[in-house]
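What the coordinates show
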Amino acid sequence: MKVLLSWLREFAPFEGDPVELGDQMSDLGMAVESIDHVGGGLDGVVVARVLALRPHPDAERIQLVDVDAGDGEATQICCGAFNMAEGDLVPLATLGTTMANGMTIERRKLRGEWSNGMLCSARELAMGDDHEGIWVLPGDLALGTPLAEAIGVTPDVLYDLEINPNRPDAMSVAGVARDLAARLRLPFELPTPKPRRAGADAPWGAGRPPTVEISAPELCGRFHVRVLEDVVVGSSPAWMAHRLRCAGMRPINSVVDVSNYVMLELGQPNHTYDLDLVSGPGLRVRWANDGERITTLDDAERTLDGADGVIADAEDRAIGIAGVMGGASTEISASTQRVLLEMAWWDPMTIARSSRRLGLRSEASMRFERGCDPEVVERAAERFAELLATSGATLLAGSLDARGELPDRQPVRVRTARVNRLLGTDLDAGAVAAELTPIGFTCASAGADLDVVVPSYRYDTRTETDVVEEVARHLSYSSLPSRRPASPQTGSLTDRQRDRRRLRAVVAGLGLAEAMPSPLLSPEQLERCGAPTDAMVLTNPMAAEESVLRTSLRPGLLAAVAHNAAHRNPGVRLFEVGTVFLPTDGVLPDEPEHLGVALAGDEAPAAVAVLDVVLESFGIEGWDLHNEPTPGLHPTRSARILLPAGAGPTEAGWVGEIDPAVVEALGIDERVAWLELDLAAVLARPAGPAHYRTVSRFPSSDVDLAFVVSDDVSAMALRRTLVAAGGDLVAWVRLFDTYRGAGIEDGHRSLAYRVRLQAADRTLTDAEVAEVSAAMVAAAGSHHQARQRG
Amino acid sequence: MNAEDVDRAASEAVASVRAADDLESLAAVEAALGAKSAPLNAAKRSLGALEPDQRKELGRRLNEARAEVATAVETRRSELAAAARAELLEAERLDLTESPGGRAGHLHLVTQARDELEDVFVGMGFTVAEGPEVETDWYNFEALNLPPAHPARGMWDTLYLDSGEPGTVLLRTHTSPVQIRVMSESEPPIYSVMPGRVYRRDTADASHTPVFHQIEGLVVDRGISFADLAGTLEAFTTTYFGRSIHSRLRPSYFPFTEPSAEFDITCVFCGGDGCRSCGGTGWLELGGCGMVHPNVFAAVGYDPEEWTGFAFGFGIDRMTAQRNGVDDLRELFTNDIRFLEQF
């Protein structure tokens, strides 16, 4: 919401530093987003008339404009805008003028043609945002007059305020002024409008008196109608056009401009009908019929439903959508003479819904949906007539005023103790009332508490807590007390949160960088990477590339690898700890947390090594890998991860290498080792403190055992058999050599393990070592048909 | 053999020891000197044939000579050992500046910021709560005093999922549903922060990404007031940003809090003097906060007359990006190694 300081001053005597005034507005919750100085810097800019427009002989995007700046002579200007016509009045920055942006206008040649000044847009003159061409000046102004004098503009300050949705009052210049005046303890007054009135005996609507009926009282709280006659539709006075422009609105014609001006000033949107185009004697407010059609002011045909409100004419045709936009059939035109003026109060929720559904968010709907002031309508109508009186319009004496359901205005009990409890203050009822009274809240004493009647312009304020917020706001948040609560608990992370941090540290300790890809993907990405395609689907994605939720960390991390590869950074080692989303029978998906690891330039064993480190770090023993293919991974270099769990091994992910076809499809020209581990069985294991196992003080014995075994038998399975067969005396078993070739039959290889045997309480005898070794060899033979190799 | 012979033999033996040029040849010399035929050994054997006077004299002389030779051997051995070690060490000489170096791992900038924030609040007696990223409308909006068709729902552009009744399952637009879950599942007092990933239907640009991270805080206890909110945020601000950085509150609007506030911190770039980063105001907007709305308490079954509370929240990404000078938020999520390795 943009407000001019000069406009605010029409309601209260604001003085002093404009920046300090702005600080007060911010502190009241009307955050000042910018402060601009407007209307200054017009020295040297004069009113000129366009005499002739000629093409530039040597440039298509520039034309030559001859203007008369009051001396009766044609001055040639080169101009890049094409929006003006012969006879238009335009602002001319004469030679030597310094513009708002600091540029000085000099005589210069453009493509061989002289330019003796500059024609200006409103924005170039710091007179608003309009930059769609040269500012064509309204009205009949004397040529050569300084522009500031001609349009009645003085240096002014323009505040751009951010207004919160719970401040309907601050959606108007008067409302901002009221709030600010209350803070500064200045008198605030709404001037009484003085319209040009028709004689008391003037006929009400000249034989066609309109009537108003509200048949949907829950839709329309108030429908107030006045009639103006002798209306001449022309252009608005320059000062009004200037203020509208500063507020971000475009001057259109005198009737539309006054309508907008009243809305900005008093916060009351209003609608004008050409009375002579309104069919029949009356208007009726009702809900729309499903499928009912109306052509709106913007010449678009709209289809309505039963939750939209309409204003219908005597033939029950909709001639406007309640609170959103008027209809084209009764639109004000150059020939309009009699205006029917509507000032209404609409149900905010209805307007919010309609404007959103129809895509018609306007300055009017924004105000209606916050809740307007049902009591301001008479004043707004009179103000409208007063402003239009300069063009001769007269206001007929009568009015029609229909009422539906308006917000309840019962007093709100405000307990002083509650105020203090919420704010941490120590106020008495008088101090509370002292903050509320200046902004129009009527406070009646009720013992130690207050009964507060909320003003009609505060639709948002209905509960005790709402009123407490007003007290806090006007006391100023920055002057409220501050203290730190003493938490009765010891702050801490959960086991899972601590474990997750440790996991990240362990993996980063291996030299990997943590990536954070988006969980939003395209279905094709899932499919390409071999991830499960049964995914949660977005109904309103921004783009197809972000239309499903990931079921695996693989597509995101591989995209990251591909991004780096495309920027000539091969060999990246990335990891991610994040949730994936797996659909369930219920409405919400499972969100298991996964670790994903992508090692570009590495082969599968590198990923197994990461897995090994992670599992050892979390004290997980007895895990297993099953070599088997899975979509997306290298068919002969992938394994399912099995972790020990209560009832038996649990599948916990995959390790291996990305399928070469996938790697190639992603434009990556190196191998990518891959690990994806479901962390459910890893994090926050209910293990408690790890239990100490005695470190033996007796010598150990090492035995090397080599076996010839089929390729179908995994080295890990054979190792586990050796460990089991060795019993308590096994300290560890490590694979130290793998051999294929001469002496070993096809489809087999030799696996050599070093076994360390040790007892906690004695030195092992040779006989004991031999016995254990024999048991291991026997077990390997019986479980895996493994033959000991000499 | 007389004394002169002994002297000569000793001199020759010492000379042969000194002539040995490595440990191997020294060992050979030692072996030769230890042989029966070696002159000094032979002389010792011949002592028995001498008269007692002569034997005593020559015996003493012989012992001295043998000691001389032994000393020479040990001296030579340590000289040669030192030389051998020096040679070996020289052969192992390395230019350590030729090392290829290691490759450190990196935690993502957002993870680092989140961990730091959690630590500050844990230090203030808070726990850390988490919840799902896919939520129902009830947790994300309705329980937060945002009934269906509430105009303020427009404040969040929401991504919906094709699950259940249309428009009822969504990607959480803030971590506030975790507040509802915490309150629904436990009784006050509550002192918790809720960090996590959130989603908005926003076009990505330098200051917006559709997927980003927030941290919110919730305190519910007896006698909690706006003053506690202000004090908590001030304590957080000075702890996290430094003693010279302070917080301030300005009126704002959120459906789930009342009174509601924006909270600003002293501009970390200019220390409050006003600069380009803070638009000359000396303050940076950090987040939103306020006293928990009675309707929110009603939704989770808390009695607003018994309990009061406050909540606050802000974006982790934007704060950390600003702090670390990342001028485009999209950089956080391209996963370019040149970015990741900087932090």
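All of these numbers come straight from a predicted model, not from anything done at the bench.

Overview of the overall build of chain A
From N to C terminus, chain A includes 19 helices and 38 strands. The C-alpha atoms of chain A give 41 Å as radius of gyration, which overshoots the globular expectation for 790 residues (28 Å, by more than 25%). Each principal axis of the C-alpha atoms in chain A carries an extent, and together these give about 130 × 85 × 55 Å. Sequence separation of at least 24 residues holds for 69% of the intrachain contacts in chain A that already meet a minimum separation of 6. Accessible area of chain A: about 34000 Å², with a carbon and sulfur share of 50%.

Considerations on the overall build of chain B
A tally of regular secondary structure across chain B gives 11 helices and nine strands. Its C-alpha radius of gyration of 43 Å places chain B more than 25% over the 20 Å reference for a compact globule of 343 residues. Counting only C-alpha atoms, chain B reaches 130 × 50 × 45 Å along its principal axes. Within chain B, contacts between residues at least 6 apart in sequence are counted, and of these 65% link residues at least 24 apart. As displayed, chain B has an accessible area near 15500 Å², and 50% of this comes from carbon and sulfur atoms. Charged side chains in chain B number 31 positive and 54 negative. The centres of these two groups are separated by 11 Å.

Some words on the interface of chain B and chain A
On the chain A side, the residues contacting the 84 residues of chain B number 83 residues. Across the interface of chain B and chain A, roughly 6700 Å² is buried in total on both sides, 56% from carbon and sulfur atoms. In terms of surface lost to chain A, no three residues of chain B exceed Pro251(B), Glu258(B) and Asn335(B), which account for 9% of the buried area on that side. Counting across the interface, chain B meets chain A through six salt bridges. For the pair chain B and chain A, the interface holds 41 residue pairs in polar contact (both at pLDDT 80 or more). Taken together, the residues of the side of chain B that touches chain A sort by class into 41 nonpolar, 22 polar and 21 charged.

Regarding the sheet that holds strand β38 (residues 787-788) of chain A
All names here are of chain A. With antiparallel pairing, the four strands of this open sheet are ordered in space as β36-β37-β35-β38. Looking at the sheet topology across the chains shown, the edges are occupied by β36 (730-739) and β38. Against the sheet, helix α19 (residues 766-784) engages β35 (701-710), β36, β37 (748-757) and β38, with an angle of about 15° to β35.

Overview of the packing of helix α10 (residues 416-423) of chain A against helix α12 (residues 464-475) of chain A
Axes are the key here: two packed helices are described by the angle between their axes and the distance separating the axes. Residue and element names in this part refer to chain A. At their nearest, the axes of α10 and α12 sit 10 Å apart, and the two run at 65° to each other. As for the relative orientation of α10 and α12, their crossing is right-handed in sense. Across the interface between the two elements, Arg418, Val419, Leu422 and Leu423 from α10 touch Glu464, Thr465, Val468, Val471 and Ala472 from α12. Broken down by class, the residue content of the contact of α10 with α12 amounts to six nonpolar, one polar and two charged.

Quick look at the pairing of strand β32 (residues 633-643) of chain A
Residue and element names in this part refer to chain A. The element β32 is extensively covered by neighbouring structure, given that eight of its 11 residues are classed as buried. Alignment of strand β31 (residues 624-627) against β32, held across four bridges, turns out to be antiparallel. Looking at the pairing, Asn627 lines up with Ala639 of β32. Taking the residues that link successive antiparallel strands as the turn, the β31-β32 hairpin has five residues, and the phi of Gly632 there is positive, at about 95°. Pairing analysis gives six bridges linking β32 to strand β33 (residues 650-658), with the strands arranged antiparallel. When the bridges of β33 are listed, Ser638 appears paired with Gly656. Linking two consecutive strands that pair antiparallel, namely β32 and β33, is a turn of six residues; a positive phi of about 140° is found at Gly648 within it.

Brief notes about the environment of Gln268(A)
Residues and elements named next belong to chain A. Looking at where Gln268 falls in the secondary structure, it is placed in the loop between α6 (254-266) and β13 (271-274). Sequence-wise, Gln268 and Arg379 are 111 residues apart; in three dimensions their C-alpha atoms are separated by 9.7 Å. Beyond its immediate sequence surroundings of up to four residues, Gln268 is in contact with Val262, Met263, Met343, Ala344, Phe368, Cys372, Asp373, Val376, Val377 and Ala380.

Comments concerning the side chain of Asp169(A)
Topologically, Asp169(A) is positioned in the loop between β10 (156-162) and α4 (173-184). Once residues within four sequence positions are removed from consideration, Asp169(A) is found in contact with Gly175(A), Val176(A), Arg178(A), Tyr457(A) and Arg458(A).

Observations concerning the sheet that holds strand β26 (residues 513-514) of chain A
Residue and element names in this part refer to chain A. Spatial strand order, β26-β29-β30-β34-β33-β32-β31: seven strands in an open sheet with mixed pairing. At either margin of the open sheet sits one strand with a lone partner, and together these are β26 and β31. The strands touched by helix α15 (residues 554-566) are β29 (573-579), β30 (593-600), β32, β33 and β34 (672-678); relative to β29, the strand with the most contacts, the crossing angle is about 150°.

Points about helix α10 (residues 316-324) of chain B
Note that an α-helix has 3.6 residues per turn; residues three or four places apart therefore point the same way. Residues and elements named next belong to chain B. Here α10 has its buried residues at Ile316, Asp317, Met319, Thr320 and Ala321. Buried residues in α10 make contact with α5 (109-123), β5 (211-221), α8 (226-241), β8 (283-292) and β9 (308-315). One or two residues past the end of α10 sits Gly325, with phi positive at roughly 75°.

Focus on the packing of aromatic side chains
Using the criterion set out here, one finds 22 aromatic pairs over all chains in the structure. Arranged with centres 4.9 Å apart and planes meeting at 65°, the rings of Tyr477(A) and Phe226(B) form a pair that is edge-to-face. One end of the pair, Tyr477(A), is in the loop between α12 and α13 (495-509); the other, Phe226(B), is in helix α8, on a second chain. Like Tyr477(A), the residue Phe226(B) is buried in the burial classification. Centroid distance Tyr240(B) to Phe241(B): 4.9 Å. Interplanar angle 85°. Geometry classified as edge-to-face. Comparing Tyr240(B) with Phe241(B), the two get one shared label, buried. One cation-aromatic arrangement involves Arg462(A) over Tyr459(A); the distance from NZ or CZ to the ring centre is 4.3 Å. Above the face of the Tyr139(B) ring, Arg181(B) is positioned so that its terminal group lies 4.0 Å from the ring centre.

Structural notes on the domain arrangement of chain B
Split by domain assignment, chain B resolves into domain 1 (3-96) and domain 2 (109-340). Placing a centre on the C-alpha atoms of domain 1 of chain B and another on those of domain 2 of chain B gives a separation of 88 Å.

Side note on the pairing of strand β5 (residues 75-79) of chain A
Residue and element names in this part refer to chain A. Within β5, five of the five residues are buried, leaving the element largely enclosed by the surrounding structure. Neither face of β5 is open: one carries Thr75, Ile77 and Cys79, the other Gln76 and Cys78, and all of them are buried. By the bridge criterion, five bridges tie strand β4 (residues 63-68) to β5 in an arrangement that is antiparallel. By the bridge assignment, Val67 is partnered in β5 with Thr75. Between β4 and β5, which follow one another and run antiparallel, lie six residues, and Gly70 among them has a positive phi close to 105°.

Things to note about unusual backbone geometry
For the peptide bond that leads from Pro188(B) to Pro189(B), omega is 0°, which places it in the cis range. Tracing the backbone shows Pro189(B) in the loop between α7 (176-185) and β4 (190-199). Between Glu258(B) and Pro259(B) the backbone carries a cis peptide bond, its omega angle lying at -5°. By secondary structure assignment, the location of Pro259(B) is in strand β7 (residues 257-266). Despite not being glycine, Asp230(A) shows a phi value in the positive range, around 60°. Relative to the assigned elements, Asp230(A) resides in the loop between β12 (220-229) and α5 (238-246). The exposure class of Asp230(A) is partly exposed, given its relative accessible area of 47%. Within the chain, Asp299(A) stands out as a residue other than glycine whose phi angle is a positive 65°.

A look at the pattern of salt bridges
A complete count under the given rule lists 84 salt bridges over all chains for this structure. For Asp7(B), the salt bridge identified is with Arg61(B), shortest N-O distance 2.1 Å. Of the two residues, Asp7(B) sits in helix α1 (residues 3-19) while Arg61(B) sits in helix α4 (residues 52-91), which places them 54 residues apart along the sequence. Taking relative accessible area as the criterion, Arg61(B) reaches 16% and is therefore assigned buried. Look at the salt bridges and you will find they share partners, linking Arg496(A), Arg500(A), Arg501(A), Glu593(A), Arg114(B), Asp115(B), Glu118(B), Asp119(B) and Glu130(B) into a network.

Remarks on the state of the cysteines
All names here are of chain B. One pass over the full model with this rule turns up zero disulfides over all chains. Looking at Cys278, it has no disulfide partner, and the nearest cysteine sulfur is the one in Cys267, 3.7 Å off. Judged by its relative accessible area of 8%, Cys278 falls in the buried class.

So, how was this worked out
- Residues numbered from 1 in each chain as written.
- Chains lettered and ligands numbered in written order.
- Predicted model: local features only at pLDDT ≥ 70, side-chain atom pairs only at ≥ 80, totals over all residues.
- Heavy atoms only, no water.
- Helix = DSSP H or I, 4+ residues; strand = E, 2+ residues; numbered from the N terminus.
- Rg over C-alpha atoms; globule rule 2.2 N^0.38 Å.
- Contact = heavy atoms within 4.5 Å.
- Areas by Shrake-Rupley, 256 points an atom, 1.4 Å probe, with all protein chains shown as cover.
- Lys, Arg positive; Asp, Glu negative; His and termini not counted.
- Charge placed at Lys NZ, Arg CZ, Asp CG, Glu CD.
- Buried area = accessible area lost by both parts, 1.4 Å probe.
- Salt bridge = Lys/Arg side-chain N within 4 Å of Asp/Glu carboxyl O.
- Polar contact = N/O pair within 3.5 Å; in protein donor to acceptor, adjacent residues only side chain to side chain.
- Nonpolar A, V, L, I, M, F, W, Y, C, P; charged D, E, K, R; others polar.
- Pairing = 2+ DSSP bridges.
- Axes fitted to C-alpha atoms, helices over the stretch in contact; angles between N-to-C directions.
- Left-handed = near helix turned anticlockwise from the far one by under 90°.
- Buried < 20%, exposed > 50% of the residue type's maximum accessible area, 1.4 Å probe, protein only.
- Phe/Tyr/Trp six-rings, centres within 6.5 Å; stacked < 30°, edge-to-face > 60°.
- Lys NZ or Arg CZ within 6 Å of the ring centre and 35° of its normal.
- Domains from an automatic or database assignment.
- Disulfide = S-S within 2.5 Å.

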